[in-house]
Structure formats: structure tokens, C-alpha cells
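# Working through the structure, step by step
Each chain, letter by letter, is given below.
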Amino acid sequence: MSAAASLAHQLGAEPPTGLSLSEADTGQLAALIKEARRAQGAELEASLRKALEIVPRPLRGTVRKVVGL
Amino acid sequence: MSTTETRVEITRLASLLACPEESLAMLADQPVDVLKELRDKLTDRLFDANRDILVGLARTTKIVPGGVAAKIATVAFPPQLAARVAGVMETDAAVSLASRVPVPFLADIAPKLDPRRVTSILHKLPPQLLVDAGKLLGERAEYIAMADFVAVLPLEQIGRTLGVLSDEALVRTGQVIEDPARLAAILELIPAGRLPGIAETVRLLDAGDLVDRAGPHLSAEGRARLSEAFGSVLG
């Protein structure tokens, strides 16, 4: 995958048309976004796990169902 | 060439990506409107992720009374999760929840709120709660969140909050306010007695670009009032 395609993939959209970066810089920007998304996903997962631990056990199933887990 | 506006955008992008500003040095020569578009797309990408789960969590707060939901949110939701859930709640429900959680928890949530939802929520929060949360955000150096908030709050509310913020918090927040016209309007709100301290802080922090950005947007009256304190910068 080219750096430009990787950036579009990470952004989930075409990058701004006026963005003019070298191949290496485009790849670096894509990598930063990838890492931010990974960290965000991990943070959400950890938060959900922590939240479910606090919900009383009998209610966890209901909460999981409502949340869609 | 890196302009002040570009530097503000890079600061905001770095905050979104949770990376050092130096990592985005490659963007220094990009046009500011391109950086703003990049930030908008990145905001959509990050805040729309896992939306189904967040909507499900928001639903759980609806099946219990508001006070109970606030208690659950405080105890069970880490701030980053509570902020993301608040971002997908209906505005009135988010306001109800925000009004019931302790102020320190609200200040934990505030910097992580979806910037696209901030306006509708802030406009409905009680004024004193905003002052109290603003004070904590200032003490915690959450300048980008504060800049986002003062971008959309009525000037009257900002005026109420200025008194609880330190000179450094005001200057550093001013440095990342997106709209220079808004920055100018806020500078004009600062009481005369605080201007010498603000000017000294601007000098100490080498933040003269803040005054440069605001300068063209100051009213004649505001310019006259501020020129004594910032004279050498305003010209």
C-alpha cells in the first residue's frame, strides 16, 4: 500500500487535496493516526472492562446486551 | 513558513493524536486551511469510532433515574469513556448527567469531549458549574479544552470565569484559541487591573504572537485600553 493510500485508510477519508507531503512524511502521518486509533481502541476496551467489573454481577449480562457486547 | 495560525493548528492536531508537537514538524509548511480540514477529518475518524458501543452505553443511562445514572457514570465510567458516551447522548441527557457528577469528574471529562458536541452541551450547563469546572481546567493546564469552550460560550460567561483563572492560564489558553476575533473579544474583557500582569506573563512566556493575532480584531476602544499594557506589541 502506498503512503497516500495508507493515510486515506487511516483517516477513513481522502486527505485534504492541498496536503503536500513527501512519501516518507505521508507515511509518518499515517503511522501517527494509526497509533492514535489503536490507543483509543485499547483505552475504550480497558474502560469497558473496568466499567463492567463495577456493575453488579447479576446485571452484567443485561448491560452487555444493552451495550451490544 | 510556519505562521502562528499554523502553529495553533499543529498544537491542536498533536492534542488529538496524543503525540508530541515535534512529531508533526512535517506539517509546518502546509496551508492552515489544509490543516484545519485534516483536523476535521481526524476528529470525525476518532470520535465516530466504536459509535455503536457508545450509543449502547448511553442507552444504559436512560433506564435509571438521572441521579443514579450520574452515580454509575462516576463510579463505573473512567473519564475518557464517560466523555465519549456523553458525546453520543442527546443534549439534555448529557447536560443532566454533567450537572449531577462532581466538578472534578466533570473537569476530567471536559478535555476528552467530542469537540463537535461541545457547543450544545456547554450552552445548557449552569453558569456557576462552568466557572468551577473552568477553574479546575486552568489549574490542570487543559488549555486546548478551555480554548474550545471559550470559542463557543457567551462572552458574559467567559467574563465570569476570567476571575478564577491565573494569568498564565489566560495567556496559554489565548495562544490556542482558534479564532483571532474571539481572542480579541476576550482580551477586551480582561479588567484593567489585570492587564499589567497579563502583559508581563505574555513577555515571560514569549507569547507576543497572541497579541499579534488579536490586534487586527480589536475595537478602537479595546485597542486604546490595551495599548498601554501591550503597547510595544500592538504598535
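The name given to chain B in an unreviewed UniProt entry is DUF222 domain-containing protein, with Nocardioides phosphati as the source organism.

Within chain A, the secondary structure is distributed over three helices and zero strands. Listed N to C, the secondary structure of chain A is α-α-α in terms of helices and strands. A compact globule built from 69 residues would reach a C-alpha radius of gyration of about 11 Å, whereas chain A, at 18 Å, exceeds it by more than 25%. Taken along the three principal axes of its C-alpha coordinates, chain A extends 55 × 20 × 15 Å. Going through the 69 residues of chain A one by one, you find that 16% of them count as buried.

In this section: the overall build of chain B. Helix and strand counts for chain B stand at 16 helices and zero strands. Here the C-alpha radius of gyration of chain B, 19 Å, is about what a compact globule of 235 residues would show, namely 18 Å. Overall, the C-alpha framework of chain B stretches about 60 × 40 × 25 Å when taken along its three principal axes. Counting across all 235 residues of chain B, residues that qualify as buried make up 38%. Within chain B, contacts between residues at least 6 apart in sequence are counted, and of these 78% link residues at least 24 apart.

This paragraph deals with the interface of chain A and chain B. With 30 residues of chain A at the interface, the matching set in chain B holds 28 residues. Where the side of chain A that touches chain B is concerned, the elements lending two or more residues are helix H2 (23-54) and helix H3 (57-67) of chain A. Of the residues in the side of chain A that touches chain B, the class split is 19 nonpolar, seven polar and four charged.

All names here are of chain B. Here Leu113 is to be found in the loop between helix H7 (103-109) and helix H8 (118-122). Separated by 72 residues in sequence, Leu113 and Lys41 have C-alpha atoms that sit 16 Å apart. Apart from residues lying up to four places away in sequence, Leu113 is in contact with Ala83, Ala86, Gly87 and Val118.

This part takes up the nonpolar core. Of all hydrophobic cores here, the largest spans 62 residues; its most connected members are Ala73, Ala82, Val85, Ala86, Leu97, Ala98 and Ala110 of chain B. Among residues more than four places away in sequence, those in contact with Ala86 of chain B are Ala94, Leu97, Ala98, Ile109 and Leu113 of chain B. Grouped together as the second largest cluster of nonpolar side chains are 13 residues, Leu29 of chain A together with Ile10, Leu13 and Leu38 of chain B included.

Before going further, it helps to examine helix H3 (residues 51-60) of chain B. Residues and elements named next belong to chain B. Leu54, Leu57, Ala58 and Thr60 are the residues of H3 that are buried. Down the axis of H3, the buried side of the element spans an arc of 150°, and every buried residue falls inside it. For H3, the exposed residues lying more than 90 degrees away from the buried face are Arg51 and Asp52.

Interpreting fine coordinate detail is not advised for predicted regions of low pLDDT. With 94% of its residues at a pLDDT of at least 70, chain A reaches an overall mean of 87. The secondary-structure element of chain A with the lowest mean pLDDT is H3 of chain A, recorded at 73, while helix H1 (residues 3-11) of chain A shows the highest, at 96.

Residue and element names in this part refer to chain A. Residue placement: Leu7 occurs in helix H1. On the basis of neighbour counts, which here come to 26 C-beta atoms within 10 Å, the residue Leu7 falls in the buried class. Remark: the alpha-carbon pair of Leu7 and Gly27, spanning 20 residues in sequence, is separated by 6.9 Å. Residues in contact with Leu7, not counting those within four places in the same chain, are Pro15, Thr26, Leu29 and Ala30.

Another aspect to go through is helix H10 (residues 143-152) of chain B. In an α-helix, one full turn covers 3.6 residues, which means residues spaced three or four apart are oriented alike. Counting buried positions over the 10 residues of H10 of chain B gives eight, a clear majority of the element. Elements in contact with the buried residues of H10 of chain B: helix H1 (4-17), H8, helix H9 (127-139), helix H11 (155-162), helix H12 (167-176) and helix H13 (180-187) of chain B.

The rules behind these values
- Residues numbered from 1 in each chain as written.
- Chains lettered and ligands numbered in written order.
- Predicted model: local features only at pLDDT ≥ 70, side-chain atom pairs only at ≥ 80, totals over all residues.
- Helix = DSSP H or I, 4+ residues; strand = E, 2+ residues; numbered from the N terminus.
- Rg over C-alpha atoms; globule rule 2.2 N^0.38 Å.
- Buried ≥ 20, exposed ≤ 12 C-beta atoms within 10 Å, placed from the backbone.
- Contact = placed C-beta atoms within 7 Å.
- Nonpolar A, V, L, I, M, F, W, Y, C, P; charged D, E, K, R; others polar.
- Core = buried A, V, L, I, M, F, W, Y, C linked by C-beta atoms within 7 Å.
- Arc of directions from axis to C-beta.
- pLDDT = per-residue confidence, 0-100.

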